[in-house]
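Take a look at the letters that make up each chain.
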Amino acid sequence: MDIADEWLLADSAWWGSGRWFGRCALRLHHGVPAGSGPVAPEAVPAGARIRQLDGFVLPGLRDAHVHCGLVDLRSVRAGGIAEVHDLGSAPGALEAHLPADDPALPRMQVVGAFLTAPRGYPSDRSWADAGSFREVRSPLDAAAAVGEQQQVGARAIKVALNSAAGPVLPASVLAAIVTAAHDAGLGVIAHVEGEGMTRFACDNGIERLAHTPWTERVDDRLLADVAQGMSWVSTLDIHGFGADTPQLRTATDNLRRFVEHGGVVHYGTDLGNGPLPLGVNPREVNALLAVGLTPEDVLTAMTDVRSPCPPCWVPGALDLTPARFADSLSRVQVA
């Protein structure tokens, strides 16, 4: 028996494709789920190390939009988030906030710096430390910019397409960035803001938007195209932090119709941008329910059973009734 193995025994589970009713067991290897998910308790081998969880087990919950240099990541993990996707930070800031091999921190994936036009967003923002953005000056410069992000461990490339805040990458430069990223096996994530920027991202083969568009109503014909080849990170709560605003209404309408067209949504909060909870954000969860997702759809948006991160669990039981789901999920812990 592998001494790195441990078995969690739980009252019930949700694991990607549905719910496990009744007692179940989950094998961990070095703290990460091994195998295809929960099994019957009878499958636990004799003499195995067992940890009892009186509650509901889930794959590790993920926030797909965090600025890790601007938040206390230990509090984020304590708030039930097992994995974060950093969508733009200076490498030095990450090193300062992330001592190596700290078990109290969430697993992290990074994109490196924002790639942007000279004097483009976010170069004029006070929160954008030196090194958190990289100006790309020509198609020839694009491959070098992508390579630099690879060297700091980027798992994707992020581009800034913000016509509301200064210059935007020319089409030739954006195309060169996307080509260099794809040649390196990396996807491309875009911050889109301003009229026509969703179309610009779609026309250039970008796979994911870092936010649901909120500065323009995306027409249904474009949404039908976008939903076939692009996923969106939700980030609805930043448009009001619980208050109703025109930006929230626009984003909610866009996301509702995107979902109706079959688009894939990832739960993400833009953590580090304003007064957001450090951990699972019940307001973001309720906003996703309001656009038509079911509680299990929300869990799908928050998890990836293939990701090598610790599982989560809700003490007692997880209430999958829509009116009570967000509050119930806010009790989640990383196992």
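Position numbers for residues count from 1 along each chain, tracking the sequence in the order it is written. In keeping with the model being predicted, local features are shown solely for residues with a pLDDT of at least 70 and side-chain atom pairs are shown and tallied solely at 80 or more, while totals for entire chains, interfaces and linings include all residues. Side-chain measures were taken over the full set of non-hydrogen atoms in the model, leaving aside hydrogen atoms and water.

Draft legend 1. A look at the environment of Q333. In this fold, Q333 is placed in strand β19 (residues 333-334). In this structure the C-alpha to C-alpha distance between Q333 and D63, which are 270 residues apart in sequence, comes to 14 Å. The contact criterion used is simple: two residues touch if any of their non-hydrogen atoms lie within 4.5 Å. Setting aside chain neighbours within four positions, we find Q333 in contact with G80, C312, W313 and P315. Working definition: helices are DSSP H or I runs of at least four residues, strands are E runs of at least two. Numbering for both runs from the N terminus.

Draft legend 2. Just the pairing of strand β4 (residues 24-29), in detail. Note that strand β1 (residues 5-10) and β4 share 6 bridges and pair antiparallel. Residue pairing across strands places D5 opposite H29, the latter belonging to β4. Between any two strands, at least two bridges found by DSSP are needed for them to pair. As paired strands, β4 and strand β5 (residues 32-33) are joined by 2 bridges and run antiparallel to one another. Bridged to L28 within β5 is P33. Where β4 folds back onto β5 in an antiparallel hairpin, the turn is made up of 2 residues, including H30, whose phi is positive at roughly 55°.

Draft legend 3. View of the nonpolar core. Only buried residues count toward a nonpolar core, which is a set of Ala, Val, Leu, Ile, Met, Phe, Trp, Tyr and Cys residues joined through side-chain atoms within 4.5 Å. A 1.4 Å probe rolled over the protein chains alone gives each residue an accessible area, and that area as a share of the maximum for its type sets the label: buried under 20%, exposed over 50%, partly exposed in between. Counting 80 residues, the largest nonpolar core has L58, V159, L161, I177 and L329 as the members making the most contacts within it. When residues in this core are grouped by element, the largest group, 7 residues, is from helix α4 (residues 171-183). Residues contacting V159, with those up to four places away along its chain left out, are L115, L169, L174, I177, V188, I189, A190, H191 and I206.

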